[in-house]
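# Results of the structural survey
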Amino acid sequence: MLPVDGGKDGKSGLAPSRPRTLLDENDRAAVNLPGSSWHPSAGVAFASDRAGRDEVWVLPPGAKQPVRVTEHRGDTGYLEPSFSPDGSWIVFQETAEKGNDRESEDDPSALGSLWKVRRDGSRPMRLLDGPGTRTDNRQPNWSPKGDRLVFQRRAADSDTWALYVMNADGTGIHRITDVPGEHTDPSWSPDGRSVVFSSTAGGLDTPQIFVVPADGGRPVRVTRNDKGYDGAPSWSPDGRWIAFESHQGDEEHPTGLWRIPAPDARH
């Protein structure tokens, strides 16, 4: 994490500090998800192609080498893992591997399914069948109580993402964003009452940070960076702050990490 001194647009920077490398594999991709991919006792959950295809791995606290969680065949990848609150389960998405000739919005293999698995790799369970339901389901995040999951979804014939909540067993799917816009990158508030996400709600050209009640409602805009992008947010454990990435201009500009007071902590 590279904190940045802030102050513009209501953002607040952290004191500068030196980042610490957890895993350095220059020839491999290692990607994790904003939100609950970091568990205090279980470690960091991430997706990596270090074994050839994208699988779920965990780097335990203090460990020098990650532990492999999933192993599967075929040309799909396991991506965007996040921990249950007790660290015993991991939820993740399955989609076509990047660069695969079959990866296109018109091909069922590109439609993301959601799975959960025990941290030791046992008891894999598919929660949502993307190809079977003709929906693309991605970026699942576990609620603080462990009873629900939030994720982003689009229909196979649509380019627009919306946010949904469901029970941890895959039942009770409920859409929580109904306003026009592109809604992605959801994660929970510590009390489980709200979801923070990236959105172009209100006709924005570039995503900003918004918060919406976990049962649905009117989104509240948090950042107002009129000259750039704010996205990939997650809440601090004490509920006071929202951390996110930000860059000015197009995607070629450098990205920094920022924090801003959460809506309920502004007064």
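What you see is a predicted model; the values in this text were computed from it and never measured. (Residues numbered from 1 in each chain as written. Predicted model: local features only at pLDDT ≥ 70, side-chain atom pairs only at ≥ 80, totals over all residues. Heavy atoms only, no water.)

## Side note on the confidence of the model for the chain
What counts here: Confidence of the prediction at every residue is given by pLDDT, a number between 0 and 100. Only heavy atoms enter the contact rule, under which two residues are in contact if any of them lie within 4.5 Å.
Averaged over all residues, the pLDDT of the chain is 87; the fraction at 70 or higher stands at 87%. Considering only residues more than four positions removed or in separate chains, one finds that residues 1-9, a stretch of pLDDT under 50, has 30 contacts. Note on residues 99-105: pLDDT under 50 across the span, and eleven contacts to partners over four residues away in sequence or across chains.

## Considering the sheet that holds strand β12 (residues 162-167)
Operational definition: What makes two strands pair is DSSP finding at least two bridges between them. A run of H or I in DSSP becomes a helix once it reaches four residues, and a run of E becomes a strand once it reaches two; helices and strands are each numbered from the N terminus.
The four strands lie next to each other as β10-β11-β12-β13, forming an open sheet whose pairing is antiparallel. What marks the edges here is a single partner per strand, and that holds for β10 (135-142) and β13 (174-175). Judged from the six bridges that link them, strand β11 (residues 148-155) and β12 form a sheet pairing that is antiparallel. From the neighbouring strand, Gln152 faces β12, where its bridge partner is Leu163.

## Concerning the pairing of strand β18 (residues 228-235)
Let me state the cut-off plainly: A simple rule labels every residue: compare its accessible area, found with a 1.4 Å probe on the protein chains alone, to the largest value its type can have, and call it buried under 20%, exposed over 50%, or partly exposed in between.
Burial analysis of β18 places eight of its eight residues in the buried class, the great majority of the element. Taking the residues that link successive antiparallel strands as the turn, the β18-strand β19 (residues 241-248) hairpin has five residues, and the phi of Gly239 there is positive, at about 80 degrees.

## Focus: the side chain of Gln208
Selection criterion: We define a polar contact as two N or O atoms separated by no more than 3.5 Å, with the added condition that, inside protein, one atom must be a possible hydrogen donor and the other a possible acceptor, whereas residues neighbouring each other in sequence contribute only through side-chain atom pairs.
Looking at the element boundaries, Gln208 is found in strand β16 (residues 208-213). Residue Gln208 is classed as buried on the basis of its relative accessible area, which comes to 1%. In terms of polar contacts, Gln208 uses its side chain to reach the backbone amide nitrogen of Asn225, at 2.5 Å. Gln208 has contacts with Phe197, Ser198, Ser199, Arg221, Thr223, Arg224, Asn225, Gly228, Tyr229 and Asp230, leaving out every residue within four places of it along the chain.

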